[in-house]
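Here is how the chains run, residue by residue.
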Amino acid sequence: MASMMFTDCSSSMTSRLFHLNRRNGTSLLRQCVGQLRFQTTASGRGCIRSSSSSPISAISAETKSEGTATVIDGKAVAKKIRDEITIEVSRMKESIGVVPGLAVILVGDRKDSATYVRNKKKACDSVGIKSFEVCLAEDSSEEEVLRSVSGFNDDPSVHGILVQLPLPSHMDEQNILNAVSIEKDVDGFHPLNIGRLAMRGRKPLFVPCTPKGCIELLHRYNIGIKGKRAVVIGRSNIVGMPAALLLQREDATVTIIHSRTKNPEEITREADIIISAVGQANMVRGSWIKPGAVIIDVGINPVEDSSAARGYRLVGDICYEEASKVASAITPVPGGVGPMTIAMLLSNTFTSAKRIHNFQ
């Protein structure tokens, strides 16, 4: 078993992005998904994702034998959701003449951020959602960004606003994000949306896209949540915390593992459902997992691989090769949670347009 060292990782929303670092002349790609960074003495190079995939109608831990974990195909589910949104967007346009609109504000010239914005625009185009974009220089003032936010807040053709992170260091991210109208906060990060998510009897206007995608995968595969023991690894504002709140709303008994948790392996072994959002390659081994558990792996971590064209391959927080022999169902990396995040962004944007125009 690999020995673990727990250290805090920034909880900034910039954890949604990949950061390119230069170390000894080698390009290393890292993603920090939560407030944890787990460093392990074992490389986990033996953890290679299987290519098998088969959608299911229901999962039962009791009926699953060893080594037969079902792959939860996020790519296929996301495509189905996008197809559903396409139909509904068309129906809205034909019925009331309204086309949902998503606005993205990009500050600076980071290549990774520009790529994400470009991908969001393509996704909008694919379902018929109109996209708006404002690109500001790296040295723009915070006031300029706030003016752009304000303009989109007041624009009736815009139903969702997304500020691409990270912002330049001289800007107050929270101040800018809080300026987004709660009615158009399709990222779901406004404090009022998070507060409503945390309160019984209240309903947020929007739920953060990645944790919403995790729960949607469980629903689409008819995986029961009520009464189950769920463990969320990571407590970031982006994934871990809202994922735990969503599971609690579904009547799961939820435990959050973080950088100060003692005996994380023992706690994880009790879980019927595991959602991991740490950003550490192959951290969770097969020995951490109870037979028949369902695993949602949010991590996207690059590991060196000389046989790959890019010199690296992407793996999750969970050691797939080991976990798939124990779990009843598991998301692959890539192709699991990732495609669901953009699908949920499109869903939130369409939901916003429906709400604003009272469209049924």
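Residues numbered from 1 in each chain as written. Predicted model: local features only at pLDDT ≥ 70, side-chain atom pairs only at ≥ 80, totals over all residues. Heavy atoms only, no water.

Here is the rule: UniProt positions are given in the numbering used here, feature names are shortened, and annotations may be inferred rather than shown by experiment.
Under an unreviewed UniProt entry, the name given to the chain is Bifunctional protein FolD 4, chloroplastic, and the source organism is Camelina sativa. Heading Pathway (unreviewed entry) of the UniProt record for the chain holds this comment: "One-carbon metabolism; tetrahydrofolate interconversion."

### Section: helix H5 (residues 191-198)
Let me state the cut-off plainly: A simple rule labels every residue: compare its accessible area, found with a 1.4 Å probe on the protein chains alone, to the largest value its type can have, and call it buried under 20%, exposed over 50%, or partly exposed in between. Elements are defined by DSSP. Helices are runs of H or I of four residues or more, strands are runs of E of two residues or more, and each kind is numbered from the N terminus. The arc refers to the directions leading from the helix axis to the C-beta atoms. Whether two residues are in contact is decided by their heavy atoms: any pair within 4.5 Å suffices.
Looking at H5, one finds that the buried residues are Asn-193, Ile-194 and Leu-197. One side of H5 carries all its buried residues, which in axial view fall inside an arc of 95°. Contacts from the buried residues of H5 go to helix H7 (240-249).

### Description of the packing of aromatic side chains
Just so we agree on the cut-off: Ring pairs are drawn from Phe, Tyr and Trp, using the six-membered ring of Trp, whenever the two centres fall within 6.5 Å, and their geometry is named by plane angle: stacked under 30 degrees, edge-to-face over 60, tilted for the rest. Two limits define a charge over a ring: the Lys NZ or Arg CZ must be within 6 Å of the ring centre, and within 35 degrees of the ring normal.
Inspection of every chain in the model, using the stated rule, returns zero aromatic pairs. Just above the ring of Phe-206 sits the side chain of Arg-355; from NZ or CZ to the centre is 5.1 Å.

### Observations concerning the environment of Ala-114
The topology assignment puts Ala-114 in helix H2 (residues 111-127). Classification of Ala-114 as partly exposed rests on a relative accessible area of 26%.

### A few points about the nonpolar core
Let me state the cut-off plainly: Remark: nonpolar core denotes a set of buried residues (Ala, Val, Leu, Ile, Met, Phe, Trp, Tyr, Cys) joined through side-chain atoms within 4.5 Å.
In this structure, Ile-72, Leu-218, Leu-247 and Ile-275 are the most contacted members of the largest nonpolar core, which totals 57 residues. For this core, the element with the highest residue contribution is helix H10 (residues 338-356), accounting for eight residues. Excluding anything up to four places from it in sequence, Leu-247 contacts Ile-215, Leu-218, Ile-225, Ala-230, Val-232, Ala-252, Val-254 and Ile-275. Core analysis: the second largest hydrophobic core is formed by 19 residues, Ile-257, Ile-274, Val-278 and Trp-288 among them.

### Remarks on the sheet that holds strand E10 (residues 253-257)
To keep things clear, this is the line we draw: Strand pairing is defined by DSSP finding a minimum of two bridges between the two strands.
Taken in spatial order, the six strands line up as E5-E15-E12-E11-E9-E10 in an open sheet, and their pairing is parallel. On the outer flanks of this sheet lie strand E5 (70-71) and E10, each paired with one strand and no other. Bridge count between strand E12 (residues 294-297) and strand E15 (residues 329-330): two bridges; the pairing is parallel. Bridging from a neighbouring strand, Ile-295 pairs with Ile-330 of E15.

### What to know about the pattern of salt bridges
Here is the rule: Within this document, salt bridges are pairs made up of a side-chain nitrogen of Lys or Arg and a carboxyl oxygen of Asp or Glu, the two lying within 4 Å of each other.
The full count for this structure, using the stated rule, is 11 salt bridges. Taking the shortest distance from any N to any O, the salt bridge between Asp-83 and Lys-79 comes out at 3.0 Å. Residue Asp-83 and its partner Lys-79 are located together in helix H1 (residues 74-96), separated by four residues, close to a single helical turn. Given the relative accessible area of 37%, Asp-83 is considered partly exposed. Note on Lys-79: relative accessible area 54%, which makes it exposed. Among the charged side chains, a network of salt bridges with common partners joins Lys-80, Glu-84, Glu-216 and Arg-220.

### A closer look at the environment of Val-149
Tracing the backbone through its elements, the reader meets Val-149 in helix H3 (residues 142-154). Residue Val-149 is classed as buried on the basis of its relative accessible area of 0%. Considering only alpha carbons, one finds Val-149 and Ala-103, 46 residues apart in sequence, at a separation of 9.2 Å. Beyond its immediate stretch of four places on either side in the chain, Val-149 contacts Ile-105, Ile-161, Val-163, Ile-176, Ala-179 and Val-180.

### Section: the packing of H1 against H10
Test applied: What counts as an axis is a line fitted to C-alpha atoms, over the stretch in contact for a helix, and the angles between N-to-C directions run from 0 to 180 degrees. Angles are sorted into four bins: roughly parallel if under 35 degrees, roughly antiparallel if over 145, roughly perpendicular if 65 to 115, and oblique for all others. By the definition used in this description, the sense in which the near helix is turned from the far one sets the handedness, with an anticlockwise turn below a right angle giving left-handed and a clockwise turn giving right-handed. Amino acid classes used here: Ala, Val, Leu, Ile, Met, Phe, Trp, Tyr, Cys and Pro are nonpolar; Asp, Glu, Lys and Arg are charged; the rest, including Gly, are polar.
The geometry of H1 relative to H10 is characterised by a closest axis approach of 9 Å and an angle of 20° between their N-to-C directions. By the angle between their directions, the pair H1 and H10 is classed as roughly parallel. For the crossing formed where H1 meets H10, the hand is left-handed. Facing Gly-74, Lys-75, Val-77, Ala-78, Ile-81, Arg-82, Ile-85, Glu-88, Val-89 and Met-92 of H1, the residues of H10 in contact are Pro-339, Met-340, Ile-342, Ala-343, Met-344, Leu-346, Ser-347, Phe-350, Ala-353 and Lys-354. The class makeup of the residues in the contact of H1 with H10 is 14 nonpolar, two polar and four charged.

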